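# Structural features, examined
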Amino acid sequence: MPEKIRRVRRKRRSQSFPGVESFPSFRLDLPPVRVALYVAAAAVAVLLLVLFGTYGSKLYTGWHESRLLKRATAMLEKKDFVAANRLARQVLEHRRDSLPAFYILAEVTEKQNSEQTVSWRAQVARLQPDNIDSQLNLASAALRFGQIDLARKTLERVAPRAQDLAAFHVVAGWLARAEGNLPEQEQQFAIAVKKDPKNDLYKFNLAALQIRSQDSEKSAQARDNLERLTQVPEFHTGALRALLNDAVDRNDLQTADRFAQQLQMSPEVSFGDYLLCLNFYRKLDARKFDALLEKVKPVAARNSSDLGLLMDWMNENGLASEVVRWMDKLPDAATTKPPAAIAIAAAFAEQKNWSRLRRWTRSGSWGEGDYLQLAYQALAARQSRQSSADAEFDTFWRAALHAAADQPDREIKLARLASKWNLAIESEELWLRLSRTPPSRREALDALYRLYRTNNDLKKLYDVLQRLHEASPNEIGITNNLARLGLSIDQNTKQAQELAKQAHDRAPEDLNCAVTYAFALYVQGHTTEGLEILQKLSPETLHEPHAAVYAAVLLLDVNQTDAAKEYIQVAKHGPIYVEEKRLLEDELTKISGAPPSPTPSPTPAPSATSTAPTPIPELSASATP
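Residues numbered from 1 in each chain as written. Predicted model: local features only at pLDDT ≥ 70, side-chain atom pairs only at ≥ 80, totals over all residues. Heavy atoms only, no water.

### Re the overall build of the protein chain
Within the protein chain, the secondary structure is distributed over 33 helices and zero strands. Considering only residue pairs separated by 6 or more positions, the protein chain has 53% of its internal contacts joining residues 24 or more positions apart. When the accessible area of the protein chain is evaluated, it comes to approximately 33600 Å², of which 53% is carbon and sulfur surface. (Helix = DSSP H or I, 4+ residues; strand = E, 2+ residues; numbered from the N terminus. Contact = heavy atoms within 4.5 Å. Areas by Shrake-Rupley, 256 points an atom, 1.4 Å probe, with all protein chains shown as cover.)

Structure representation (structure tokens):
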């Protein structure tokens, strides 16, 4: 019985689930032609699958990138810069050299006033090396963010192909401005207007420059052009600003009042324009100034950034005490967060109210401004005159540096504060670090120049001038300063002589360039030729203390002692540099028959007659292209 049951079960399984054991084996016999057709069909099917997988994927990727770019462009037009930035970066994740994505990122960062604009413009220029507009956009962005050497190299690269383009001469003009060569800037702007006489922007640039000209005909024509441009909506506010500044400079207060009124009524008036009018009314009329200030205060209180701007302006114009009184009338929500909190801390520092500064900076948090909060805490600690002041200062300052580390925008604010507070060691450390970063290099080197000039550290001063000259070889002021210092301390004398001639050839009417070239001729033993250079200058200009030193030295060298006396007196009573003082003393000693003093040391001790002013011209905000 069991055996029978097993046989039945096996039979049922084989019928229900035929398998290898129960299913009979067989072989399908097909004609050879039909086999070949099946094989070919299978091959075609495999090929189609491969092609669809490869090109289908590419088609989808292309469609996806196109969709992202359209969305990014739409966000850019809507001024949603965060979304546009994010979408363009997503495109770069799939296509590393997407020209449209680079262009969108350049536009976004430029509208956000971000230094990243330069790197994105550089990517566009790299992919379009023959496109002059892309190269000019790169040069313009580099100038905007202080990368003068990059701008110069870019313009030099396209100059042979771009001389007929007005836009090239505009950018070349801004480069000349950045290099301190104002005559060259005017010449380039004039060429741009000549090549495109219908372009109001180019006319505005030239007029805003020429209105400050010493040539009365040029300034009058510029004034007329700006008056006309006040009727063009695009330039209405900018032209009014230029005309207001010009009227104030000429002390034409009635005209200035008219322009100030028009500027305040302009639909495009900015909060910065109110500050410009405050500057004017402070000179014109105390009552109008007080009235405008009271009018501007509630406007500023509605916007945190405007509130910070007004408080900063008040601090810079001796109204720190008014800031402190005003803060008590404002809600805590408006004053305890940056930027107002920072401006209030600056007001306490201006008033030297260290105890209140200490309390102010130790309450609450300034969020992203915490590094500045720590810096002001450090200042309050140093000024507290407690036994632990130095240690406490060091702790807070190091914490501020740590919070700002590897963020140039933060480090540069700390460096400016350190310079303002006369923290020589701390400011030097920060400026040296920032001088290695292209966007902040120029400001850092200028700050180091002022620091080393104040401390009479001539060796470091010379090194900084060398770096400035390398970064901006066409800037006349730097070329002249490097030549004069090199001649004074006997450093790279031959190079100094060549630089002195170059500066004088480019600006023969400039007092400093003429004096330095005359001094270079004296060093070469050609004192008579040097005096001929000085004789072309008006006697009044040579009574400038620094110039008087060299006039006296050259006259003494040819035994014109009586003629030298007036210049000696001017030099002795005016502020002169330590190397100039030694130069004059050595020449006086030489004619008296006594042995001369040693050559000025590159790092002399500070002198009571030395001064801090720097002859290097600084860029104003209007120099930004």
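Let us keep going from here.
### Quick look at the pattern of salt bridges
Within this structure, the stated rule accounts for 37 salt bridges. Between Asp257 and Lys288 there is a salt bridge, with its nearest N and O atoms 2.9 Å apart. A residue pair is termed long-range when its members are at least 10 positions apart, and Asp257 in helix 13 (residues 253-265) and Lys288 in helix 15 (residues 286-301) qualify at 31 residues. For Asp257, a relative accessible area of 16% corresponds to the buried category. The network of salt bridges with common partners includes Asp394, Arg398, Glu411, Glu429 and Arg433. (Salt bridge = Lys/Arg side-chain N within 4 Å of Asp/Glu carboxyl O. Buried < 20%, exposed > 50% of the residue type's maximum accessible area, 1.4 Å probe, protein only.)

### With respect to the nonpolar core
Counting 137 residues, the largest nonpolar core has Leu244, Leu310, Tyr376, Trp397 and Leu414 as the members making the most contacts within it. Non-local contacts of Trp397, meaning those with residues more than four positions away in its chain, are made with Ala375, Ala378, Leu414, Ala418, Trp421, Leu423, Glu426 and Leu430. With 25 residues, the next largest nonpolar core counts Ala151, Phe168, Val171 and Leu206 among its residues. (Core = buried A, V, L, I, M, F, W, Y, C linked by side-chain atoms within 4.5 Å.)

### Quick notes on helix 17 (residues 320-327)
Of all eight residues in helix 17, six are buried, a share of seventy percent or more. Against the buried residues of helix 17 lie helix 15, helix 16 (304-316), helix 18 (332-335), helix 19 (340-350) and helix 20 (354-361).

### Overview of the packing of helix 21 (residues 370-382) against helix 22 (residues 389-404)
Two elements in contact, helix 21 and helix 22, have axes whose closest approach is 8 Å; the angle formed by their N-to-C orientations is 165°. Regarding the angle of helix 21 to helix 22, the classification is roughly antiparallel. For the crossing formed where helix 21 meets helix 22, the hand is left-handed. Together, Tyr371, Leu374, Ala375, Gln377, Ala378, Leu379, Ala381 and Arg382 of helix 21 and Ala389, Glu392, Phe393, Phe396, Trp397, Ala399, Ala400, Ala403 and Ala404 of helix 22 make up the contact between the two elements. (Axes fitted to C-alpha atoms, helices over the stretch in contact; angles between N-to-C directions. Parallel < 35°, antiparallel > 145°, perpendicular 65-115°, else oblique. Left-handed = near helix turned anticlockwise from the far one by under 90°.)

### Section: helix 24 (residues 424-434)
Residues of helix 24 that are buried include every one of Glu426, Ser427, Glu428, Leu430, Trp431 and Leu434, and no others. Tucked inside the fold, the buried residues of helix 24 contact helix 21, helix 22, helix 23 (408-420), helix 25 (438-455) and helix 26 (458-471).

### A word on unusual backbone geometry
Cis peptide bonds are those with omega within 30 degrees of zero, and the linkage from Pro338 to Pro339 qualifies with 5°. If you trace the backbone, Pro339 turns up in the loop between helix 18 and helix 19. Of note in the backbone geometry, Lys79 takes a positive phi value of approximately 65° without being a glycine. On the secondary structure map, Lys79 appears in the loop between helix 2 (32-77) and helix 3 (81-94).

### Remarks on the side chain of Asn315
You can see Asn315 is positioned in helix 16. Side-chain polar atoms of Asn315 contact the backbone oxygen of Ala343, separated by 3.0 Å. If we skip the residues at most four places from it in the chain, Asn315 touches Ala320, Val323, Ala343, Ala346, Ala347 and Glu350. (Polar contact = N/O pair within 3.5 Å; in protein donor to acceptor, adjacent residues only side chain to side chain.)

### Re the environment of Leu584
Note on placement: Leu584 falls in helix 33 (residues 578-592). Given the relative accessible area of 5%, Leu584 is considered buried. Note: C-alpha distance between Leu584 and Val553 (31 residues apart in sequence) is 6.1 Å. Filtering out sequence-adjacent residues up to four positions away, Leu584 remains in contact with Val549, Ala552, Val553, Leu556, Ile568 and Ala571.

### Points about the packing of helix 6 (residues 132-144) against helix 7 (residues 148-162)
Contact geometry for helix 6 and helix 7: axes closest at 9 Å, N-to-C directions at 155°. Overall, the two elements helix 6 and helix 7 adopt an arrangement that is roughly antiparallel. Regarding helix 6 and helix 7, the two cross each other, and that crossing is left-handed. Across the interface between the two elements, Ile132, Gln135, Leu136, Leu138, Ala139, Ala142 and Leu143 from helix 6 touch Leu150, Ala151, Thr154, Leu155, Arg157, Val158, Arg161 and Ala162 from helix 7. Of the residues belonging to the contact of helix 6 with helix 7, the class tally is 11 nonpolar, two polar and two charged. (Nonpolar A, V, L, I, M, F, W, Y, C, P; charged D, E, K, R; others polar.)

### A closer look at the packing of aromatic side chains
Considering all chains together, one arrives at 11 aromatic pairs under this definition. Centre to centre, the rings of Trp174 and Phe189 are 5.2 Å apart; their planes meet at 70°, and the pair counts as edge-to-face. On the criterion of sequence distance, the pair formed by Trp174 in helix 8 (residues 166-178) and Phe189 in helix 9 (residues 182-195) is long-range, its members being 15 residues apart. The pair formed by Trp174 and Phe189 is uniform in burial state, with each residue classed as buried. Each residue in the set Phe519, Tyr522 and Tyr550 is aromatic and connected to the rest through ring pairs, giving one cluster. Geometry around Phe259 places Arg258 over its ring, the cationic atom sitting 4.5 Å from the centre. Sitting over the ring of Phe289, Arg282 keeps its end group 5.9 Å from the ring centre. (Phe/Tyr/Trp six-rings, centres within 6.5 Å; stacked < 30°, edge-to-face > 60°. Lys NZ or Arg CZ within 6 Å of the ring centre and 35° of its normal.)

### What to know about the environment of Leu292
Here Leu292 shows up in helix 15. What makes Leu292 buried here is its relative accessible area of 5%. Residues Leu292 and Cys277 lie 15 residues apart in sequence; the distance between their C-alpha atoms is 8.4 Å. With sequence-adjacent residues up to four places away left out, Leu292 is seen in contact with Gln264, Tyr274, Cys277, Leu278 and Tyr281.

### Looking at the confidence of the model for the protein chain
This prediction gives the protein chain a mean pLDDT of 84; 84% of its residues lie at or above 70. In this model residues 16-30 is a low-confidence stretch, pLDDT under 50, and it forms six contacts with partners more than four residues away in sequence or in other chains. Note that pLDDT drops below 50 for residues 599-625; the model gives that stretch 67 contacts with residues more than four away or on any other chain. (pLDDT = per-residue confidence, 0-100.)

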